[in-house]
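Now for the letters of each chain:
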Amino acid sequence: MAMNRSPSRSDAWNGMERMRMTTAMGESSSIHSEKLLSLARSLSELGLDNGTPPVSSKQPAVEPSIELGKGAFFADGQRKVDYILCYHYKKRRSSQQRLSCTSVASNGSIPVNNVLRRDTQPELETGIPEGEESRLSEEEKAVMREEFEFGLMEQGLQLERDKESKSQGIGFIRLHVPWTTLSREAELQKIKVPIKKSYELRQPQGIMGKVASLYQTLIKPLRPDVPETLNTQSHQNRTKTLSYPFSRDKLHLFEIKSQDTLFDYSVRSRIVKEILMRTACTQTCQATGISSLLSTGVYNSAFPLHDGSFTRKGGRGQRNDRQLLYEEWANYGVMFKYQPLDLIRKYFGEAIGLYFAWMGVYTRMLVPPSVLGLAVFIYGILTVDTNVPSQETCNDSLNFTMCPLCDAVCDYWKLSSVCSLTRASYLFDNGATTLFAIFMSLWAAFFLEHWKRRQMCLKHAWDLISLEDEEDRVQDIPRPEYDAILQEKRSSKKRGEKRKTELDGVGDGVGDGVGDGEGEEGEKDTMLSEREPDSLTLEDQLPGYMINVSVVLMMMGVTFSAVFGVILYRITMLSIWSMDPDPKAKSSVRMTVTTTAIIINLLVVLILDEIYGAIAVWLTELEIPKTEVEFEERLILKSFLLKSMNTFAPVFYVAFFKGRFAGPPGDYVYLFGHFRMEECAPPGCLIELCIQLSMIMLGKQLIQNNVFEIVIPKLKKMYRAYKEQDKGKEDDEDEAETKRPKQQWQKDFSLDPFEGLSPEYMEMIIQYGFVTIFVASFPLAPLFALLNNVIEIRLDAAKFTTEIRRPDAMRRKDIGIWFNLLSGISKFSVITNAFVISFTSDFIPRTLYQYMYSPTGSMEGFTEHSLSYFNVSNFQPGSSPSPTLFTEVKICRYKDYRDPPWSIQPYSFSKEYWSVMAARLAFVIFFQNLAMFLSMLVAWLIPDIPRSLREQIRKENMLLMEFLLQDEQEALSSKPPNHSPIRQHTHLQHSHIDMCQILH
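Scoring rules and cut-offs
- Residues numbered from 1 in each chain as written.
- Predicted model: local features only at pLDDT ≥ 70, side-chain atom pairs only at ≥ 80, totals over all residues.
- Heavy atoms only, no water.
- Helix = DSSP H or I, 4+ residues; strand = E, 2+ residues; numbered from the N terminus.
- Buried < 20%, exposed > 50% of the residue type's maximum accessible area, 1.4 Å probe, protein only.
- Areas by Shrake-Rupley, 256 points an atom, 1.4 Å probe, with all protein chains shown as cover.
- Salt bridge = Lys/Arg side-chain N within 4 Å of Asp/Glu carboxyl O.
- Patch = residues over 30% accessible without salt bridge, like charges linked within 9 Å, V, L, I, M, F, W, Y side chains within 5 Å.
- Contact = heavy atoms within 4.5 Å.
- 1 Å grid on protein atoms, 1.4 Å probe; cavity = no way out; pocket = protein on both sides within 12 Å on 5 of 7 lines; lining within 4 Å.
- Points joined across faces, edges and corners; volume = space filled by probe spheres on them.
- Nonpolar A, V, L, I, M, F, W, Y, C, P; charged D, E, K, R; others polar.
- UniProt positions renumbered as here; feature names shortened; annotations may be inferred.
- Disulfide = S-S within 2.5 Å.
- Core = buried A, V, L, I, M, F, W, Y, C linked by side-chain atoms within 4.5 Å.
- Expected span 1.5 Å × (residues − 1).
- pLDDT = per-residue confidence, 0-100.
- Phe/Tyr/Trp six-rings, centres within 6.5 Å; stacked < 30°, edge-to-face > 60°.
- Axes fitted to C-alpha atoms, helices over the stretch in contact; angles between N-to-C directions.
- Parallel < 35°, antiparallel > 145°, perpendicular 65-115°, else oblique.
- Left-handed = near helix turned anticlockwise from the far one by under 90°.

The helix and strand tally for the protein chain stands at 34 helices and 15 strands. Out of the 1000 residues in the protein chain, the part that is buried amounts to 48%. In the form shown here, the protein chain has an accessible surface area of approximately 48,600 Å², with 58% of it arising from carbon and sulfur atoms.

In total, this model carries 34 salt bridges according to the counting rule given. Asp225 serves as the salt-bridge partner of Arg319, at 3.8 Å between the closest nitrogen and oxygen. Placement of the pair is Arg319 in the loop between strand S9 (301–303) and helix H10 (321–328) and Asp225 in the loop between helix H7 (206–218) and strand S6 (239–245), with a sequence separation of 94 residues. Bridged by salt links that share partners, the residues Asp225, Arg312, Arg319, Glu327, Glu328 and Lys337 form one connected network.

So, on to a nonpolar patch on the surface. Side chains of Val707, Val711, Ile712, Leu715 and Met718 sit close together on the surface and give an oily, nonpolar patch of about 420 Å² of accessible area. As for its position among the elements, Val707 is in helix H24 (residues 686–730). On the basis of relative accessible area, Val707 is assigned to the partly exposed category, the value being 33%.

As a further point, take the side chain of Ser838. Mapped onto the secondary structure, Ser838 falls in helix H29 (residues 817–840). For Ser838, a relative accessible area of 0% translates into the label buried. Beyond its immediate stretch of four places on either side in the chain, Ser838 contacts Ile844, Arg920, Phe923 and Val924.

A few words on empty space enclosed by the protein. Taken as a whole and judged by the stated rule, the model has eleven cavities of 30 Å³ or more. Space inside the largest cavity adds up to approximately 230 Å³. Around the largest cavity, the lining is made up of 18 residues, and of these Pro389, Thr422, Pro682, Pro683 and Asp842 lie nearest the centre. When residues of the lining of the largest cavity are traced back to their parent elements, those giving at least two are helix H14 (388–394), helix H15 (419–428) and helix H31 (862–866). A class-by-class count of the residues in the lining of the largest cavity yields seven nonpolar, seven polar and four charged. Quantified by volume, the second largest cavity comes out at close to 90 Å³. Lining of the second largest cavity is provided by Leu421, Arg590, Met591, Thr594, Lys658, Ala681, Gly684, Ile687, Glu688 and Ile691.

What follows deals with the environment of Ile765. With respect to the element layout, Ile765 can be found in helix H27 (residues 758–772). Each C-alpha atom of the pair Ile765 and Trp818 lies 7.9 Å from the other, and the pair is 53 residues apart in sequence. Those residues in contact with Ile765 that sit more than four places away from it in its chain are Phe640, Trp818, Leu822 and Ile825.

Below, the discussion takes up the UniProt feature "transmembrane region" (unreviewed entry) in the protein chain. Listed under "transmembrane region" (unreviewed entry) in the UniProt record, and renumbered for this structure, are residues 355–382, 431–448, 551–577, 597–619, 640–657, 765–787, 815–839 and 917–942. Annotation note: span residues 597–619, helix share 100%, strand share 0%, distance between end C-alpha atoms 31 Å. For residues 765–787, the end-to-end C-alpha separation is 16 Å, with 65% helix and 0% strand making up the annotated structure.

This part is about the state of the cysteines. Using the criterion set out here, one finds three disulfides in the structure. The residue that forms a disulfide with Cys394 is Cys419, at a sulfur-sulfur distance of 1.8 Å. Since a negative S-S torsion denotes a left-handed disulfide, the Cys394-Cys419 link at about 90° is right-handed. One end of the pair, Cys394, is in helix H14; the other, Cys419, is in helix H15, and 25 residues separate them in sequence. On the basis of relative accessibility, which here comes to 24%, the residue Cys394 falls in the partly exposed class. Bridging Cys403 to Cys892, the disulfide has an S-S length of 2.0 Å. An S-S torsion of about 85° defines the bridge between Cys403 and Cys892 as right-handed. Here Cys403 is found in the loop between strand S10 (401–402) and strand S11 (413–414), whereas its partner Cys892 is found in strand S15 (residues 891–895), with 489 residues between them in sequence.

Bringing the nonpolar core into the picture now. Within the largest apolar cluster, 119 residues are counted, with the highest numbers of intra-cluster contacts made by Trp358, Tyr362, Trp443, Phe447, Phe774 and Phe927. A per-element tally of this core places helix H12 (residues 350–365) first, with eleven residues. Excluding residues within four positions of it along the chain, Tyr362 makes contact with Trp443, Phe447, Met764, Gln767, Tyr768, Val771, Ala785 and Asn789. Residues Leu253, Phe263, Val272 and Ile290 belong to the second largest nonpolar core, which totals 47 residues.

Moving on, we come to helix H22 (residues 589–623). The end-to-end C-alpha separation of H22 is 49 Å, in line with the 51 Å expected for 35 residues at 1.5 Å each. Two residues or fewer past H22, Ile624 is found with a positive phi of approximately 55°.

Let us look at helix H6 (residues 179–188). With eight of ten residues buried, H6 is to be regarded as a mostly interior element. Those residues of H6 lying buried are Trp179, Thr180, Thr181, Leu182, Ser183, Arg184, Glu185 and Ala186. Immediately beyond the C-terminal end of H6, within one or two residues, lies Lys190, with a positive phi of roughly 55°.

Moving on: the confidence of the model for the protein chain. Confidence in the prediction of the protein chain, expressed as mean pLDDT, is 78, and 78% of residues score 70 or more. Every residue in residues 1–64 is under pLDDT 50, and counting partners more than four places away or in other chains gives 113 contacts. Low pLDDT, under 50, characterises residues 995–1000; the stretch is placed with eight contacts to residues that sit more than four places away or in other chains.

The description of two aromatic rings rests on the distance between their centres and on the angle between their planes. Under the counting rule described, the total for this entry stands at 47 aromatic pairs. Ring centres of Trp179 and Phe263 lie 6.3 Å apart, and the angle between their planes is 35°; this geometry places the pair in the tilted category. Taken together, the residues Trp179 in helix H6 and Phe263 in the loop between S6 and helix H8 (265–278) connect sequence positions 84 residues apart. Accessibility expressed as a relative area gives 3% for Phe263, which makes it buried.

The topology assignment puts Leu867 in strand S14 (residues 867–871). A relative accessible area of 7% means that Leu867 is categorised as buried. As for Leu867 and Lys895, which are separated by 28 residues in sequence, their C-alpha atoms are 4.6 Å apart. Beyond its immediate sequence surroundings of up to four residues, Leu867 is in contact with Phe400, Met402, Leu415, Arg893, Tyr894, Lys895 and Asp896.

Before going further, it helps to examine the packing of helix H20 (residues 538–577) against helix H23 (residues 628–657). Relative to each other, H20 and H23 sit at 20°, their axes nearing to 10 Å. Classified by the interaxial angle, the pair formed by H20 and H23 is roughly parallel. At the point where H20 passes H23, the crossing takes the right-handed sense. Every residue of H23 that contacts H20 at Tyr545, Asn548, Val552, Met555, Met556, Thr559, Val563, Ile567 and Arg570 is listed here: Arg634, Lys638, Leu641, Leu642, Met645, Asn646, Ala649, Pro650 and Tyr653. Looking at the contact of H20 with H23 residue by residue, the class counts come to twelve nonpolar, three polar and three charged.

Here we come to the packing of H23 against H27. Across the interface, H23 lies against H27 with an axial gap of 11 Å and an inter-helix angle of 40°. When the interaxial angle is binned, H23 and H27 end up oblique. Once H23 is placed against H27, the crossing between them reads as right-handed. On H27, the residues touching Glu632, Ile636, Ser639, Phe640, Lys643, Ser644, Thr647 and Phe648 of H23 are Ser758, Met762, Ile765, Ile766, Gly769 and Phe770.

If you want it as structure tokens, here you go:
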């Protein structure tokens, strides 16, 4: 039966090439797979007239000495597997007859199924909305896969898959991109390739040359043992080869040793992914790209292959890239070495390479603040015995009797009982802390500038400077969910317009008797198609925005409620545990309550972090972003807002709110009329802030690293292995199939899928907040971050190399929105550190006392000066201690600047309070302006592009221009004398365009 398709249906196939193939097959009733393959091969040979590489196509894809896993090639042993598509199949009686027409080759691989026929296909005019997977039958999925795979062959890809021997299981389709398709796509994507032009890099001479040579000798043990071409730290090879966007018309310009090695595997897989993203299914469904088919369950997963096993069996010279990464990067034994960034970029792509490059720069930049923070801590240890306020607090002879910490059940207590707490507070709150906080503001600015310079060097080395065009092209690709909702909107609008048109036609038919025929229907269909919406409007997305705002506000309320719950816990437990008659137990009540409350805070933070991560994804999906870039940026902003608020909310409370609203004795502030607001200890809230910061920071890092990144993935892997083993016992139809050793694609399928870099970045961004925002209260934060990152880099390396599937090689010119978050945190940290030094620590009161109120110009008498008096007879009824171990107490002391009870206005703020408050505000203004000025000065003094790199780029552009002009002149001189001058002018014009592109 002939294939009768109207012109409107033929247009649904992909491109003019598909239309030509459909026309050629219109006279046949069924086409065998051999003929289909021959037609696909003829399509894949398009572009041969543009020139072929001057090498044989029969060369092996890799050197024979390199270890590659089983399954890295097609059955012929020549064509390398560039990508894998996985799908779940389940044979049914109704579909077995249709699938039996597929011819099975003797090598166990099968070509793509026959061309789809209109009379055997279920057509979905409205596309596949989200959640359609449960409504699609296995037959429908199989038909959709047939059309998609046929489209891939039309695009020039070659396919191979194994025989479906079991009744159900996972099927694998191997994809290979041949040279003709590879060269075509490389030219379209403007991928840069080395040309036959190189130059010697400039080397320092004289004393600087000797210093550079000595430095390279010293760091030689720190370099990874990888080939010199894949080691950015190696300076032995001082020759730089120029690169130029690939062109099939200029193959003679490029350094092509083999067509199989000209483009590395990451480039090949990226080209395949590009083809997968643009191939459409128009006959079975309105879906474009592999992402749509993955979201509907037509395919289970799609990923590039790893380079065999990560464990080495042969010699060191036989290591593949994965084994090199495992031994020289993902190994704790080499954590003292530099990272092989070029090899990471080659294997995983530029996006992951930039992440690990940023991690390396951040970790190295943590060394100076770690050393200085440790020096501040050691300075505190060495000078704590000479600190006068600490000596006065620990002096029992001064006999400071302090007011109770809670009503009725809490007794009076001696100031000397908090001696150890005061000494510990001085370790972090001493004279060097302020200088360290100013240094950290400068460090943050220098770190950002240093990273911009390092990123520019990597962009030049990795040919990412001219990446804007490719990023713009990728950003225009809509998400499958967006497409599905847009298709649904179009179909509903079309149905409404058609229904309205039919009603109008019925009305006209009643009046006129006869309609105008099919001509008017065609015009109406054309008008309907022209009025189809091209994108979603604000009205379509407004409900999602409203839900976003509401849920974010509600999550803020949940975070504040969690903080408030911990406050109530501290208040109530302080009262309950203070009832203990044991004096030793009473003396440790404050520290016990503080420690347990911080542990509760940590657990709440970890739990809410996971909840907020899932909520952020859900909220971002409700917004219906058009592209993946928009989706990722909105998701990052929501996740950062919720997680940072969740992490730092309890810290902000202790730093800026605890003890500020408690009120003086006799006039305490109560929550709900029963719970008295908690106060800071006499040494201040800084030591409690320090404890809270250290425990939350260390707890998040240890638990996230050990539990979330090691234990849970291993448990998932064990569970999958157990399910596969149990399934193998139940379904044992083909004993030879089960005993055959696993191929590489089967091993990779059992690994965890790659979930993106956002979780890795988010973890480091939150850590950066700990390092900068409250560094004035915890100078050891950079040291703890440094120790964590040294392990974190190797942990992430092991995860990327051994635990997850090979990610798609994504090209990025920078780290994106994460740099903006880093810059925002750096500026915000200046404000927070200024307020911590001014209001949380005792730096301002101590300085003001020494230079304004001290009769001797020293710190003697500061403790007495900072404590106010309270007459115990002024306690409210029922709030005084009962019973009490202290007898004849008439006056108790509390930490505040208030007038004594014998003054004209008892318990009102004293003159000293207003002096201290004015000094605090003045210091905040001074610190912020000084830190901001110095940060801007650092940013102005350090250019974003190093001078040497700028000169190198200029030199390379000139050399490349000379090389292309020379080639153009040679081409013109080799032409016959009667060559048309118009043609010569055209060549020169194209050459001029190329020069402009280079200079741009």
